Amino acid sequence: MGEVTVRFVGGPAHDVVREVPADPGGEPPERWIMRHPDADPPPGGGGPDHLYARDRPDGSGVWTMRFVRTYPIGASE
């Protein structure tokens, strides 16, 4: 399985660009949970999880993932 470049839109990871695993068709996952996009996790672990959903590729071929919601600490596990 390869990787695909994704730009996150909205929420705390707005404009973060990173590689994520690609499905066999070369698309990113339908949903992606982002933890702590700009910093290390707080001491002792934990922290909110941010749900993003696959959108579409932009003109340059980079896929976008749109912000859906933030889950409180541990709610997405």
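Residues numbered from 1 in each chain as written. Predicted model: local features only at pLDDT ≥ 70, side-chain atom pairs only at ≥ 80, totals over all residues. Heavy atoms only, no water.

**What about the overall build of the chain?**
A count of helices and strands for the chain gives 0 helices and 5 strands. Secondary structure elements of the chain, listed N to C terminal, follow the sequence β-β-β-β-β. Taking the intrachain contacts of the chain between residues at least 6 apart in sequence as the baseline, contacts between residues at least 24 apart amount to 36%. In the structure as shown, the chain presents an accessible area of about 4700 Å², 51% of it carried by carbon and sulfur atoms. (Helix = DSSP H or I, 4+ residues; strand = E, 2+ residues; numbered from the N terminus. Contact = heavy atoms within 4.5 Å. Areas by Shrake-Rupley, 256 points an atom, 1.4 Å probe, with all protein chains shown as cover.)

**A word on unusual backbone geometry**
Glycine aside, the phi torsion of most residues is negative, and most peptide linkages are trans. Even without a glycine there, the phi angle at aspartate 15 is positive, about 70°. Relative to the helices and strands, aspartate 15 is located in the loop between strand S1 (3-9) and strand S2 (17-21).

**Description of the side chain of threonine 64**
Positionally, threonine 64 belongs in strand S5 (residues 63-71). At 2.9 Å, the side chain of threonine 64 and the backbone oxygen of arginine 56 are in polar contact. Apart from the residues lying within four places of it in its own chain, the contact partners of threonine 64 are Arg7, Val9, Ala53, Arg54, Asp55 and Arg56. (Polar contact = N/O pair within 3.5 Å; in protein donor to acceptor, adjacent residues only side chain to side chain.)

**Notes on the confidence of the model for the chain**
The predicted model of the chain averages 85 in pLDDT, with 78% of residues at 70 or higher. The spread of mean pLDDT over the elements of the chain runs between strand S3 (residues 31-35), the lowest at 89, and S1, the highest at 96. (pLDDT = per-residue confidence, 0-100.)

**Here we look at the packing of aromatic side chains**
This model, assessed by the stated rule, comprises 2 aromatic pairs. With a centroid separation of 5.0 Å and 80° between ring planes, the pair formed by phenylalanine 8 and tyrosine 52 is classed as edge-to-face. Of this pair, phenylalanine 8 sits in strand S1 while tyrosine 52 is found in strand S4 (residues 49-57), placing the two residues 44 residues apart along the sequence. Side by side, phenylalanine 8 and tyrosine 52 carry an identical accessibility label, which is buried. (Phe/Tyr/Trp six-rings, centres within 6.5 Å; stacked < 30°, edge-to-face > 60°. Buried < 20%, exposed > 50% of the residue type's maximum accessible area, 1.4 Å probe, protein only.)

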